[in-house]
Amino acid sequence: MSVLRKSQEYSSFRSTISRKKITVDSVTEEIWSVYDAGPRSIRCPLIFLPPVSAYSDVFYQQMLFLASIGYRVIAVDYPAVWTHQEWCESFNKLLDTLQLDRIHLFGASLGGFLALKFAEYSCIKQRVQSVMVCNGFIDTAVFRKQTSSNGFWALPSFLLKRWVLSHLPSNPTEGCIADSVDFVVEQLESMQRKELAARLTLNCTPSYIEPQKLSNMSVTILDVFDDSALTVSAKEDVYKCFPEAKRAHLKQGGNFPYMSYSAEVNVYIQIHLKPYEDGRFTAKLSAKDADSAAAAATAGAASSAASAEA
């Protein structure tokens, strides 16, 4: 078992934040797995979208910290869908089920690409208020040069996992980066063949982001300067696509900086969301509302105690 999986923080996450399964289409059996933490009164939460190789609990450090300071944060795992259009439609149904009209998105690698695709898909309804892209890309051509998306559905599980592992560093030198890779490798080993094949298909199916549809979108690009699965040219393409985007850089962090350098990533997330605080699209409970909630909780506890004594 990896160091992070054995950590007290991860144990706290699994024991305090429940994982729910939500069916958005009973005919196609599209089932999303959802972690939802923080005040339910917030109607514009931050939603985390994971990379190909891992489940959404890779964001456990963000979930615990941000929820503890008043943010509503949600992390999701995708159903096995095979096109970007199907993914966007299914995610749209999930938001309807959760009764969320507007959201902020944080996407890692494939999750970043899907966050931008959904922002495109919903640009008329404007369901996405802002996006943070972590080690993201804007054109799947960066992966199509290495393999075709047509045959993933037919490949056995061990070949799919081998392809993913080939893009991870074999001997990361930094201890915290090595720990994050170990955590992800454990998750990859437990991933079902159909689920992984669908994610890889989304990762490599020909598609690109159309920035003209996102001209009014608030975007933050979070990148690392050390080795990751993305090439320098792929990162530069993201900068060119969103020249007005805010940039958040980490000197190191590897493929999964939200685990290896979680404190720094959490700071960047707060900076990204700060302009929305106390407004209509805030992801955080205001200080006034937090005080009211605390007072109500205290009053409820006192009432219960009085009833027990009576």
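Note: the structure precedes this text.
Report follows, based on the coordinates. What you are looking at is a predicted structure, and each value in this text was computed from that prediction instead of being measured. (Residues numbered from 1 in each chain as written. Predicted model: local features only at pLDDT ≥ 70, side-chain atom pairs only at ≥ 80, totals over all residues. Heavy atoms only, no water.)

**Some points on the nonpolar core**
Under the convention used in this document: Nine residue types can take part in a nonpolar core, namely buried Ala, Val, Leu, Ile, Met, Phe, Trp, Tyr and Cys, and a core is a set of them joined through side-chain atoms within 4.5 Å. Burial classification: accessible surface area is computed with a 1.4 Å probe over protein chains only, and a residue below 20% of its type maximum counts as buried, one above 50% as exposed, and the rest as partly exposed. Helix and strand assignments follow DSSP, with helices taken as H or I runs no shorter than four residues and strands as E runs no shorter than two, numbered in order from the N terminus. Residues are treated as being in contact if the distance between any of their heavy atoms lies within 4.5 Å.
Counting 58 residues, the largest nonpolar core has Ile-47, Trp-87, Phe-91, Leu-105 and Phe-242 as the members making the most contacts within it. Sorting elements by how many residues they give to this core places helix 4 (residues 110-121) first, with 7 residues. In contact with Ile-47, other than residues within four places in its own chain, are Ile-74, Val-76, Phe-91, Leu-95, Leu-100, Ile-103, His-104, Leu-105 and Phe-106. Counting 37 residues, the second-largest nonpolar core is a separate cluster that includes Phe-13, Met-63, Met-259 and Ile-269.

**A word on the pairing of strand 5 (residues 103-108)**
For clarity, the threshold we go by: Here, strands pair whenever DSSP counts at least two bridges between them.
Within strand 5, 6 of the 6 residues are buried, which leaves the element mostly enclosed by the surrounding structure. With burial as the criterion, each face of strand 5 is covered, one bearing Ile-103, Leu-105 and Gly-107 and the other bearing His-104, Phe-106 and Ala-108. Judged from the 4 bridges that link them, strand 3 (residues 46-49) and strand 5 form a sheet pairing that is parallel. Across the sheet, Ile-47 pairs through a bridge with Leu-105, a residue of strand 5.

**Concerning helix 2 (residues 60-68)**
Among all positions of helix 2, only Tyr-60, Gln-61, Gln-62, Met-63, Leu-64 and Leu-66 are buried. Gly-70, located one to two residues past helix 2, shows a positive phi value of around 105 degrees.

**Description of the sheet that holds strand 1 (residues 19-25)**
Inclusion rule: Here the axes come from fitting lines to C-alpha atoms, over the contacting stretch only for helices, and the angles between their N-to-C directions go from 0 to 180 degrees.
Strand order in the open sheet formed by 8 strands is 1-2-4-3-5-6-7-8, with mixed pairing between adjacent strands. On the outer flanks of this sheet lie strand 1 and strand 8 (246-250), each paired with one strand and no other. Pairwise comparison of adjacent strand axes, ignoring direction, gives a mean angle of 25 degrees for this sheet. For strand 1 and strand 2 (residues 30-37), the ladder comprises 6 bridges, and the chain directions are antiparallel.

**Some thoughts on the packing of helix 1 (residues 8-16) against helix 2**
For any two helices packed against each other, one specifies the crossing angle of their axes together with the interaxial distance. Counted only if it meets this: Angles below 35 degrees are treated as roughly parallel, those above 145 as roughly antiparallel, those between 65 and 115 as roughly perpendicular, and all remaining angles as oblique. Handedness of a crossing follows from how the near helix is turned relative to the far one, being left-handed for an anticlockwise turn of less than a right angle and right-handed for a clockwise one. Gly is placed with the polar residues, together with every amino acid not listed as nonpolar (Ala, Val, Leu, Ile, Met, Phe, Trp, Tyr, Cys and Pro) or charged (Asp, Glu, Lys and Arg).
Direction vectors running N to C along helix 1 and helix 2 enclose 70 degrees, while the axes themselves pass 10 Å from each other. Taken together, the axes of helix 1 and helix 2 are roughly perpendicular relative to one another. For the crossing formed where helix 1 meets helix 2, the hand is left-handed. Here helix 1 contributes Glu-9, Tyr-10, Ser-12, Phe-13 and Thr-16 to the contact with helix 2, which in turn contributes Tyr-60, Gln-61, Met-63 and Leu-64. Residue composition of the contact of helix 1 with helix 2, by class: 5 nonpolar, 3 polar and 1 charged.

**So, the packing of aromatic side chains**
We apply this condition: Only Phe, Tyr and Trp rings take part, Trp by its six-membered ring, and two of them pair if their centres are within 6.5 Å. Stacked means planes under 30 degrees apart, edge-to-face means over 60, and tilted covers everything else.
Enumeration over the complete set of coordinates arrives at 22 aromatic pairs. Seen from their ring centres, Phe-106 and Tyr-258 are 6.5 Å apart, and the 90 degrees between their planes marks the pair as edge-to-face. Here Phe-106 is found in strand 5, whereas its partner Tyr-258 is found in helix 10 (residues 257-260), with 152 residues between them in sequence. Taking the relative accessible area as the measure of exposure, Tyr-258 reaches 1% and is therefore buried. Taken together, a centroid distance of 6.0 Å and an interplanar angle of 70 degrees make the contact between Phe-152 and Trp-163 edge-to-face. Remark: Trp-163 occurs in helix 6 (residues 157-165) and Phe-152 occurs in the loop between helix 5 (141-144) and helix 6; sequence separation between them is 11 residues.

**Remarks on the pattern of salt bridges**
We count it as follows: A pair is scored as a salt bridge if a Lys or Arg side-chain nitrogen falls within 4 Å of a carboxyl oxygen belonging to Asp or Glu.
According to the stated counting rule, one finds 10 salt bridges in the structure shown. The residue Arg-40 makes a salt bridge to Asp-36 at a minimum N-O spacing of 3.7 Å. For Arg-40, a relative accessible area of 41% translates into the label partly exposed. Judged by relative accessible area, which is 12%, Asp-36 ranks as buried. What you see here is one network of salt bridges that share partners, running through Arg-19, Asp-77 and Arg-199.

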